[in-house]
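Chain residues, written in single-letter form:
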Amino acid sequence: HGKDSTKMRNECKRKDDLKEREKGFDLRFWCSQRELPEYNALRDENMRNYFESVSVQKHLLDTSQVDRCGQVISLEKHRSRLRIIENEIERAERSQQLLEKEEADARHLVRKERFYDIDEKRRLENVERRKTQMKTQMSLARVEREVLGYAHLQKLQKRR
């Protein structure tokens, strides 16, 4: 009988302890405004063996998540360095774009000058061709006048 009452008291105490523990649980977590606590698997003691394997260490090193000594690289600590690098990349990209624009402008100017030179050459060739045509026409007219004048003289001579 004494054993049963001790067992019952222990059972009641256990139930009370469990009820007390349950009060600490917040089952409404999904709808509360609190953020989830930050988790970093690289710092998880339970994941240590996994992350110490050679293949995983190589991958972490290749992806710059750890340094050569195997120390975790914290982005928070290196954020300013990262920002400097990002700024340098942006400046380099802008410089590249400016250089490409200048090269395109230079190519356009050269092309424009070539077209101008070609047009000028065509214009001069046309002028020379017209001069030649004009000389030819003038020569023909002179010959025609001479022929007509000669024919006219012959008519006059025949009349006499």
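Predicted model, so just to flag it, every value in this text is computed and none were measured. (Residues numbered from 1 in each chain as written. Predicted model: local features only at pLDDT ≥ 70, side-chain atom pairs only at ≥ 80, totals over all residues. Heavy atoms only, no water.)

Next up on the list: the overall build of the chain. When its secondary structure is counted, the chain shows four helices and zero strands. The order of α-helices and β-strands along the chain, N terminus first, is α-α-α-α. Computed over its C-alpha atoms, the radius of gyration of the chain comes to 51 Å, more than 25% above the 15 Å expected for a compact globule of 160 residues. Taken along its principal axes, the extent of the C-alpha atoms in the chain is 180 × 40 × 30 Å. As displayed, the chain has an accessible area near 16,100 Å², and 54% of this comes from carbon and sulfur atoms. Charged side chains in the chain number 39 positive and 31 negative. The centres of these two groups are separated by 11 Å. (Helix = DSSP H or I, 4+ residues; strand = E, 2+ residues; numbered from the N terminus. Rg over C-alpha atoms; globule rule 2.2 N^0.38 Å. Areas by Shrake-Rupley, 256 points an atom, 1.4 Å probe, with all protein chains shown as cover. Lys, Arg positive; Asp, Glu negative; His and termini not counted. Charge placed at Lys NZ, Arg CZ, Asp CG, Glu CD.)

The residue Glu 144 is located in helix α4 (residues 79-159) in this model. The class for Glu 144 is exposed, based on a relative accessible area of 51%. (Buried < 20%, exposed > 50% of the residue type's maximum accessible area, 1.4 Å probe, protein only.)

Secondary-structure assignment places Arg 130 in helix α4. It is 45 Å that separates the C-alpha atoms of Arg 130 and Glu 100, two residues lying 30 residues apart in sequence.

Note: most peptide bonds trans; most residues except glycine with negative phi. Even without being a glycine, Ser 64 presents a positive backbone phi close to 60°. Looking at where Ser 64 falls in the secondary structure, it is placed in the loop between α3 (54-62) and α4.

Mean pLDDT for the chain: 86, with 90% of residues reaching 70 or above. Here helix α1 (residues 2-23) stands out as the element of the chain with the lowest mean pLDDT, 84, in contrast to α3, whose mean of 91 is the highest. (pLDDT = per-residue confidence, 0-100.)

This part takes up the packing of aromatic side chains. Overall, the coordinates contain one aromatic pair when judged by the stated rule. Here the aromatic rings of Tyr 50 and Phe 51 are separated by 5.1 Å at their centres, their planes lie at 70°, and the arrangement is edge-to-face. Given the relative accessible area of 48%, Tyr 50 is considered partly exposed. (Phe/Tyr/Trp six-rings, centres within 6.5 Å; stacked < 30°, edge-to-face > 60°.)

Moving on: the layout of surface pockets. The space that makes up the largest pocket amounts to roughly 300 Å³. If you trace the largest pocket, you find 14 residues lining it, with Leu 42, Arg 48, Phe 51, Gly 70 and Val 72 closest to the centre. Put simply, the parts of the chain that give the lining of the largest pocket at least two residues each are α2 (48-51) and α3. Considered as a void within the structure, the second largest pocket measures approximately 240 Å³ in volume. Along its surface, the second largest pocket is lined by 13 residues, and Asn 40, Val 72, Ile 73, Ser 74 and Leu 75 are the ones closest to its centre. Per-class residue counts for the lining of the second largest pocket are five nonpolar, five polar and three charged. (1 Å grid on protein atoms, 1.4 Å probe; cavity = no way out; pocket = protein on both sides within 12 Å on 5 of 7 lines; lining within 4 Å. Points joined across faces, edges and corners; volume = space filled by probe spheres on them. Nonpolar A, V, L, I, M, F, W, Y, C, P; charged D, E, K, R; others polar.)

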